Amino acid sequence: MATTVKICGLSTHATVAAALDAGADMLGFVFFARSPRHIAPDVAARLAAPARGRAQIVALTVDADDDELAGVVASLAPDLIQLHGSGTPQRCAAIRARLGRPVMKALGVAEAGDLAAVPAYAAVCDRLLIDAKPPKESRLPGGNGVAFDWRLAEGLSPGVPWLLSGGLTTENVAQALRLTRAPGVDLSSGVESAPGVKDVGKIAAFIAAARGA
């Protein structure tokens with residue numbers, strides 16, 4: 001089965017086109033004001049228009065309240081809501097039920113014990129994102145360009161599809177996939193020339209490397 005590839009933090013028509021042309025399965029748009037990749041929901045809706053029917057559209061939020069989530073869904077009509085932050089399994093289930101959209105919960109990993117939360121979230125979410133825990137000094141929950149010890153996720157089988165994230169690049173994605181056997185990968189900073197600035201050449205190269213792994 002081909003590796004699922006998600007490119008997150010897209011903010012221009014050119015980079016959306018590059019991701020689609022290279023065969024990305026999922027395109028992520030960030031709604032978190034602290035992030036250099038943050039865009040308004042109406043802007044995301046315009047950017048996502050060419051992707052409908054070609055790739056899944058993902059709305060990334062961080063501890064958003066019900067009104068903010070409803071606004072994003074109304075503007076973007078995402079295929080999937082990606083939840084970062086402190087949300088409990090109960091909160092994830094409530095968002096899924098309230099908005100009628102599949103959800104993917106991001107779980108930060110730094111040590112083996114961090115994976116203990118996987119079963120509870122897998123029971124209520126449609127997907128999981130297994131990411132590196134952010135550095136203590138970071139103000140962002142993801143997109144920090146840091147990796148965790150991928151051996152911790154070796155053989156992970158949560159019962160729902162999952163994506164590996166954190167510090168992935170064109171150069172290391174094959175190794176990450178060999179170690180974890182992850183069914184999919186998600187990256188943002190690894191295809192940027194500067195924070196929030198995606199590089200069309202890096203997008204194409206990464207997707208090719210992931211698919212060739």
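Quick note: structure is the one above.
Here the structure is a predicted model, which means the values were calculated and not measured.

Asks: Go over the environment of Leu83 with me, naming the residues and quoting the values.
Replies: Mapped onto the secondary structure, Leu83 falls in strand β4 (residues 80-84). Given the relative accessible area of 6%, Leu83 is considered buried. Considered as a pair, Leu83 and Asp63 are 20 residues apart in the sequence and their alpha carbons are 7.2 Å apart.

Asks: Which residues make up helix α4 (residues 89-99), and what values go with them?
Replies: Among the residues of α4, Pro89, Cys92, Ile95 and Leu99 are the ones counted as buried. For α4, the arc enclosing every buried residue in end-on projection is 125°, short of the 170-degree limit, so these residues lie on one face. Exposed and oriented more than 90 degrees from the buried face of α4 are Gln90, Ala97 and Arg98. For α4, the secondary structure elements touched by its buried residues are α3 (66-76), β4, β5 (103-109) and α5 (118-122).

Asks: Describe the pairing of strand β3 (residues 56-62), and please don't skip the residues or the numbers.
Replies: Taken across its 7 residues, β3 has 6 buried, putting it largely inside the fold. Remark: the strand β2 (residues 26-31)/helix α2 (residues 41-48)/β3 crossover connection has right-handed handedness. Where β3 meets β4, 5 bridges bridge the pair, whose relative direction is parallel. Looking across to β4, one finds that Ala59 is bridged to Ile81. In this view, the connection linking β3 to its parallel neighbour β4 by way of α3 has right-handed handedness.

Asks: Let's hear about the pairing of strand β1 (residues 4-7): which residues, and what values?
Replies: Covered by surrounding structure in β1 are Thr4 and Lys6 together with Val5 and Ile7, the residues of both alternating faces. In terms of strand pairing, β1 meets β2 through 2 bridges, oriented parallel. Its bridge partner being in β2, Lys6 is matched across the sheet by Met26. Each parallel crossover has a hand, and for β1 linked through helix α1 (residues 13-22) to β2 it is right-handed.

Asks: Account for unusual backbone geometry, with residues named and values stated.
Replies: A positive phi angle, near 45°, is found at Asp63, a position not held by glycine. Tracing the backbone through its elements, the reader meets Asp63 in the loop between β3 and α3. Look at Asp63 and you get partly exposed, because its relative accessible area is 47%. Although it is not a glycine, Arg181 adopts a positive phi angle of roughly 55°. Position of Arg181 relative to the elements: it lies in the loop between α6 (173-180) and β8 (184-187).

Basis of the calculations
Residues numbered from 1 in each chain as written. Predicted model: local features only at pLDDT ≥ 70, side-chain atom pairs only at ≥ 80, totals over all residues. Heavy atoms only, no water. Helix = DSSP H or I, 4+ residues; strand = E, 2+ residues; numbered from the N terminus. Buried < 20%, exposed > 50% of the residue type's maximum accessible area, 1.4 Å probe, protein only. Arc of directions from axis to C-beta. Contact = heavy atoms within 4.5 Å. Right-handed = clockwise from strand over helix to strand, strands pointing away. Pairing = 2+ DSSP bridges.

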